[in-house]
Protein chains: 2
Amino acid sequence: MTRQLGAVEAGGTKFVCAVGTGPENIVARTKVATQDPATTIGNVLSFFAEHDVTAIGVASFGPLELRRRHELYGYITTTPKPGWSNTEIVGPLEAATRVPIGFDTDVNGAALGEGRWGAARGLSTFVYVTIGTGIGGGAVVNGQVAHGLVHAEMGHLSVRRKPGDDFAGTCPFHGDCFEGMASGPSMAARWGTPAETLTGDALEAAIEIEAHYIAEGLRNIVYAIAPERIIVGGGVSSIDGLLPQVRRKLTESLAGYPGLPDHEKPDFVTPPGLGDGSGIAGAFALAETALAERL
Amino acid sequence: MTRQLGAVEAGGTKFVCAVGTGPENIVARTKVATQDPATTIGNVLSFFAEHDVTAIGVASFGPLELRRRHELYGYITTTPKPGWSNTEIVGPLEAATRVPIGFDTDVNGAALGEGRWGAARGLSTFVYVTIGTGIGGGAVVNGQVAHGLVHAEMGHLSVRRKPGDDFAGTCPFHGDCFEGMASGPSMAARWGTPAETLTGDALEAAIEIEAHYIAEGLRNIVYAIAPERIIVGGGVSSIDGLLPQVRRKLTESLAGYPGLPDHEKPDFVTPPGLGDGSGIAGAFALAETALAERL
């Protein structure tokens, strides 16, 4: 019999749980609304009580403690989400299922998923960036997810202001960082209405500014990590016409340095190959890794 | 008999060549002035003709082609240094010595050297940044040098302007990027005199501005890579009183996010443990790796 793996994409509004041999062969799936931690994790455990799995991968909203030797390893730590600060995730799953649990951020998971089954197949160094309610990024470097002190926090990279723009930005820490200038809530604050309600000239103006700040964020990712490809997902990134503008402005921002033709290829900045399935695919990849480490 | 390794630190003004079992046990050493490529490489080969080595590591000024399958692998590529554009380095060394040749940038080499013998011993994810005639950075991620499309080009990260500063910057590509605002030549252009000639109030003012831009560059490295430590070397970095200011301004720039006490420790931003020996140590580390890959 083929081994069944478990996958959990843990988000702020829902936890998607799946069982299968991988994202292309899912045999059971459920969505659990994100309520208080005890209820939510209880519902996740009920799902897995009905399915035999050999490992579970969890790709979670953060911040997370990922240092194995840290006493809070496996926790969601200082999240602003009410009730979820310092919530243990890995522990209860491990106790209930007694299988290895893989654990990483949603964006690192998405990066792994895209690397294994999506737009970064065959590449060894690439970045997944999500632009939505927040901005986050996960890097795979030499085939491994990059972890240092903590997962990267690419949403807080600095971005050069568009000349004449005096919008203060919405990041509670930095004001005008990448997330403060380019997230969905930032667009809504700037235009006084959610981005998806904009049309015509207003939409065009919004895309022009949004593309500038996304390109500035990607420029810093290019110079810090030299990825072979950058995958851009998340709700904001799917605004029609946005990514082509981002590509143009990234080329302008790099200004011919270091002059690699690769940076100007249309697939250097690309949408996810798995659509909105990168996250659950990443959770499967984390389960695979956890299983391999145990064997 | 212990294996002897060869090491070459290839710089714009000199090539340092050494033979030994490692940087702590060098049995022969020479400096070759950087002239035209043929003369310079000829002199390096003469040195190694007199010494039996089992592998040679070269840590070189760049940009370099490091993709193994690329036809220009082992070359210095588009350097502005007169006469050195598209110069083959690995090929002639391999042909003359018939030993494995390790090859990487000077900053990646320095990062490896600091990881093996210096200020990053025991860490798995860290960055070495040099601030001198240019600004460059090398990252080790999960114990391996980060390479993507190309080595990273951290000198071209963007930096937020210090309010009121209207200096245009000296980067020929970007003007006011990290290197354009904080390299040695940038300081000289801003103050009309090399930094080492400044004293008193002028020096204090220069340090204040310099620390701002270095901190801004390091902030982007922190958020892109989440290193456990950042080692700052290069001539400019050794200006008395500069690093403590950089640490203070980095803390300000991170603004409490993600709130890790590690970022405020005095050794989070630290000078090289090997002083000006990081580069040659890195070349030894590259020789070791080349030997291990061959065996």
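Residues numbered from 1 in each chain as written. Chains lettered and ligands numbered in written order. Predicted model: local features only at pLDDT ≥ 70, side-chain atom pairs only at ≥ 80, totals over all residues. Heavy atoms only, no water.

Draft legend 1. Fine view of the sheet that holds strand β12 (residues 269-270) of chain B. Residues and elements named next belong to chain B. Taken in spatial order, the five strands line up as β10-β9-β8-β11-β12 in an open sheet, and their pairing is mixed. Two strands bound the open sheet, and with one partner strand each, they are β10 (144-145) and β12. In this structure, strand β8 (residues 126-131) lies alongside strand β11 (residues 229-233), joined through five bridges in parallel fashion. By the bridge assignment, Phe126 is partnered in β11 with Arg229. (Pairing = 2+ DSSP bridges. Helix = DSSP H or I, 4+ residues; strand = E, 2+ residues; numbered from the N terminus.)

Draft legend 2. View of the packing of aromatic side chains. Residue and element names in this part refer to chain A. Using the criterion set out here, one finds 10 aromatic pairs over all chains in the structure. Ring geometry for Phe15 against Trp84: centres 5.7 Å apart, planes inclined by 35 degrees, an arrangement best described as tilted. Residue Phe15 is located in strand β2 (residues 14-22), and its partner Trp84 is located in the loop between β5 (75-76) and β6 (87-88); the two are separated by 69 residues in the primary sequence. For Phe15, a relative accessible area of 3% gives the class buried. Look at Trp84 and you get buried, because its relative accessible area is 1%. Each ring, one from Tyr73 and one from Phe103, has its centre 6.3 Å from the other, and the planes form 85 degrees; the classification is edge-to-face. Note that Tyr73 is positioned in the loop between β4 (56-60) and β5 and Phe103 in strand β7 (residues 101-105), a separation of 30 residues in sequence. In terms of burial, Tyr73 and Phe103 fall into one category: buried. By the ring-pair criterion, three or more aromatic residues cluster together here, those being Phe15, Phe61 and Trp84. (Phe/Tyr/Trp six-rings, centres within 6.5 Å; stacked < 30°, edge-to-face > 60°. Buried < 20%, exposed > 50% of the residue type's maximum accessible area, 1.4 Å probe, protein only.)

Draft legend 3. Region of interest: the interface of chain A and chain B. Taken together, the contact between chain A and chain B spans 42 residues of the former and 42 residues of the latter. Taken as a group, A:Leu149, A:Tyr223 and A:Tyr257 account for 18% of the area that chain A buries against chain B, more than any other trio of residues on that side. The interface formed by chain A and chain B holds four salt bridges in total. Where chain A packs against chain B, one counts 20 residue pairs in polar contact (both at pLDDT 80 or more). Residue assignment for the side of chain A that touches chain B shows that the elements contributing at least two residues are β10 (144-145), α6 (200-225) and α7 (242-254) of chain A. The greatest single-element share of the side of chain A that touches chain B, amounting to six residues, is contributed by α6(A). (Contact = heavy atoms within 4.5 Å. Buried area = accessible area lost by both parts, 1.4 Å probe. Salt bridge = Lys/Arg side-chain N within 4 Å of Asp/Glu carboxyl O. Polar contact = N/O pair within 3.5 Å; in protein donor to acceptor, adjacent residues only side chain to side chain.)

Draft legend 4. Local environment of the environment of A:Thr170. Residue and element names in this part refer to chain A. Within the secondary structure, Thr170 is located in the loop between β10 and α4 (178-182). Using a relative accessible area of 32% as the deciding quantity, one classes Thr170 as partly exposed. Residues Thr170 and Leu254, 84 residues apart in the sequence, show an inter-C-alpha distance of 26 Å.

Draft legend 5. View of the relation of the copies chain A and chain B. Overlaying chain A on chain B yields an RMSD of 0.0 Å, the required transformation being a rotation through 180 degrees with an accompanying axial translation of 0.0 Å. The transformation just described matches what one would write down for a two-fold rotation axis. Here 100% of the contact residues of chain A are again contact residues in chain B; the copies associate through an equivalent surface. (Least-squares fit on C-alpha atoms with pLDDT ≥ 70 in both.)

Draft legend 6. Seen up close, the packing of helix α1 (residues 37-49) of chain A against helix α2 (residues 90-97) of chain A. All names here are of chain A. It is at 11 Å that the axes of α1 and α2 come closest, and there the two elements cross at 30 degrees. When the axis of α1 is compared with that of α2, the two are roughly parallel. Considering only the axes of α1 and α2, their crossing is right-handed. Here α1 contributes Ile41, Val44, Leu45 and Phe48 to the contact with α2, which in turn contributes Pro92, Leu93, Ala96 and Thr97. Across the contact of α1 with α2, the residue classes tally to seven nonpolar, one polar and no charged. (Axes fitted to C-alpha atoms, helices over the stretch in contact; angles between N-to-C directions. Parallel < 35°, antiparallel > 145°, perpendicular 65-115°, else oblique. Left-handed = near helix turned anticlockwise from the far one by under 90°. Nonpolar A, V, L, I, M, F, W, Y, C, P; charged D, E, K, R; others polar.)

Draft legend 7. Looking closely at the pairing of strand β9 (residues 135-141) of chain A. Residue and element names in this part refer to chain A. Counting buried positions along β9 yields seven of seven residues, so the element is predominantly enclosed. Burial along β9 is two-sided: Ile135, Gly137, Ala139 and Val141 facing one way and Gly136, Gly138 and Val140 facing the other are all buried. In this structure, strand β8 (residues 126-131) lies alongside β9, joined through six bridges in antiparallel fashion. By the bridge assignment for β9, Val127 is matched with Ala139. Hairpin connection from β8 to β9: three residues lie between these consecutive antiparallel strands. In the sheet, β9 pairs with β10 via two bridges, with the strands oriented antiparallel. When the sheet's bridge partners are listed, Val141 is paired in β10 with Gln144.

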